[in-house]
Amino acid sequence: MNNSNVTFTQTPDAFTLYSIIVGFSTIILNITLLIMIAIFKMDCDSNRFIFIAEMSTAALISGVTGSIRDLQRFSGRSYSSINTACKILMIINVSCVQMDLLNLFGVVVDQYLLIAWPFKYHNILPRRRALMLACLPPLGFGANTITMMLIWDEKFLCTFYHNLPMWYLVMTCFTAGIIPVSCITILQFLTIRISRCHMRQIQSGPNKASAETIRRHWSGVVTTSLICSMVFLTWIPTLLSILWYAIDGIGLESPSFTKFATVTAIIVYPHGIWIPLIYAIRSPEIRPIYDKIKAHCCCKGVT
């Protein structure tokens, strides 16, 4: 097994401890979100909850696999002894991150249809059709996982950059990164424009029910925009590091690349935390619970 060009740390370090904490936080938050979606029927007037639930599930799996891999490293075991397990866990982890982006695209498409054609929405995207679309990201996850298993280079220790060929890294950047991010940005921009026009129409005096619906839709647009922003901020630096490695052909022995790859890893690790935090905090179904907790705490403080 070739590891002459890579320096591995086989003792627990601050980065490993950080990744373990983030991994367990991701697991707890996403399990909580999935339970809340099931109990409170969040976003039941649209199909967005289907794609959000899939995003949360992918983040949960990513948190589990990442935590297991990091716990093995934290135990001080040599990389050569856990290479096979690391390979499987890392491939699943990477596929889950890519699945998150595909599901985010589903969220944005669903929201665009709801805002652009509110009266025809349930005819354009009925629940059955939405469930069929929701099957595509898991299929992509399976295909991507199998592909990486087949082309994984066993000559190197588990590093992702060394174990996959350059053509696959570049293809991944475009198919699971640049193209989805571009499409999501364009659709979200159009959705914001349409929703802002609807908000301005409230001033023209629509009935109370229409105004309430428009405000609820605008709140959903803001929530999705926040999720998109945080996912992009965590995922785009990793895309840049992959492109840098693939185009320049530099190795992990390069100090500048190693520092940049470490920073991008620190940024991308919490990607599964932002979805449950933003979605749950801004959900109107959850706000009454926060109000009750706040009121209960205030009452305790007064007494």
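Residues numbered from 1 in each chain as written. Predicted model: local features only at pLDDT ≥ 70, side-chain atom pairs only at ≥ 80, totals over all residues. Heavy atoms only, no water.

Some details on the packing of helix H2 (residues 48-74) against helix H10 (residues 271-282)
Part 1: Running from amino to carboxyl end, H2 crosses H10 at an angle of 145°, the nearest separation of the two axes being 9 Å. Pair H2 / H10 crosses with left-handed handedness. Between H2 and H10, the contacting residues are Arg-48, Phe-49, Ile-52, Met-55, Ala-59 and Ser-62 on the first element and His-271, Gly-272, Ile-275 and Tyr-279 on the second.
Part 2: Split into classes, the residues belonging to the contact of H2 with H10 amount to six nonpolar, three polar and one charged. (Axes fitted to C-alpha atoms, helices over the stretch in contact; angles between N-to-C directions. Helix = DSSP H or I, 4+ residues; strand = E, 2+ residues; numbered from the N terminus. Left-handed = near helix turned anticlockwise from the far one by under 90°. Contact = heavy atoms within 4.5 Å. Nonpolar A, V, L, I, M, F, W, Y, C, P; charged D, E, K, R; others polar.)

Let's talk about the side chain of Ser-19
Part 1: Residue position: Ser-19 is located in helix H1 (residues 14-40).
Part 2: Within the local environment of Ser-19, its side chain forms a polar contact with the side chain of Asp-70, the two groups lying 2.9 Å apart.
Part 3: Each residue touching Ser-19, except ones within four places of it in the same chain, is listed here: Asp-70 and Tyr-269. (Polar contact = N/O pair within 3.5 Å; in protein donor to acceptor, adjacent residues only side chain to side chain.)

Overview of the confidence of the model for the protein
Part 1: When pLDDT is averaged across the protein, the result is 79; 80% of the residues are at 70 or more.
Part 2: Between the elements of the protein, mean pLDDT differs from a low of 62, seen in helix H11 (residues 287-302), to a high of 90, seen in helix H5 (residues 127-134).
Part 3: When the criterion is pLDDT under 50, residues 1-11 qualifies, and its contacts beyond four places in sequence or with other chains add up to 24 contacts. (pLDDT = per-residue confidence, 0-100.)

Here we look at the environment of Pro-165
Part 1: Secondary-structure assignment places Pro-165 in the loop between helix H6 (136-151) and helix H7 (166-201).
Part 2: As for Pro-165 and Met-148, which are separated by 17 residues in sequence, their C-alpha atoms are 9.7 Å apart.

With respect to the environment of Leu-71
Part 1: Tracing the sequence through the fold places Leu-71 in helix H2.
Part 2: Separated by 51 residues in sequence, Leu-71 and Ile-20 place their C-alpha atoms 6.9 Å apart.
Part 3: Excluding residues within four positions of it along the chain, Leu-71 makes contact with Ile-20 and Phe-24.

Let's talk about empty space enclosed by the protein
Part 1: Considering all chains together, one arrives at one cavity of 30 Å³ or more under this definition.
Part 2: In this structure, the largest cavity occupies an estimated 70 Å³ of space.
Part 3: Along its surface, the largest cavity is lined by Met-55, Val-97, Asp-100, Leu-101, Val-231, Thr-234, Trp-235, Val-268, His-271 and Ile-275.
Part 4: When residues of the lining of the largest cavity are traced back to their parent elements, those giving at least two are helix H3 (83-116), helix H8 (208-248) and H10. (1 Å grid on protein atoms, 1.4 Å probe; cavity = no way out; pocket = protein on both sides within 12 Å on 5 of 7 lines; lining within 4 Å. Points joined across faces, edges and corners; volume = space filled by probe spheres on them.)

With respect to a nonpolar patch on the surface
Part 1: Taken together, the side chains of Ile-31, Ile-35, Ile-39 and Phe-40 make up a nonpolar region of the molecular surface, amounting to roughly 350 Å² of accessible area.
Part 2: Of note, Ile-31 is situated in helix H1.
Part 3: For Ile-31, a relative accessible area of 38% translates into the label partly exposed. (Patch = residues over 30% accessible without salt bridge, like charges linked within 9 Å, V, L, I, M, F, W, Y side chains within 5 Å. Areas by Shrake-Rupley, 256 points an atom, 1.4 Å probe, with all protein chains shown as cover. Salt bridge = Lys/Arg side-chain N within 4 Å of Asp/Glu carboxyl O. Buried < 20%, exposed > 50% of the residue type's maximum accessible area, 1.4 Å probe, protein only.)

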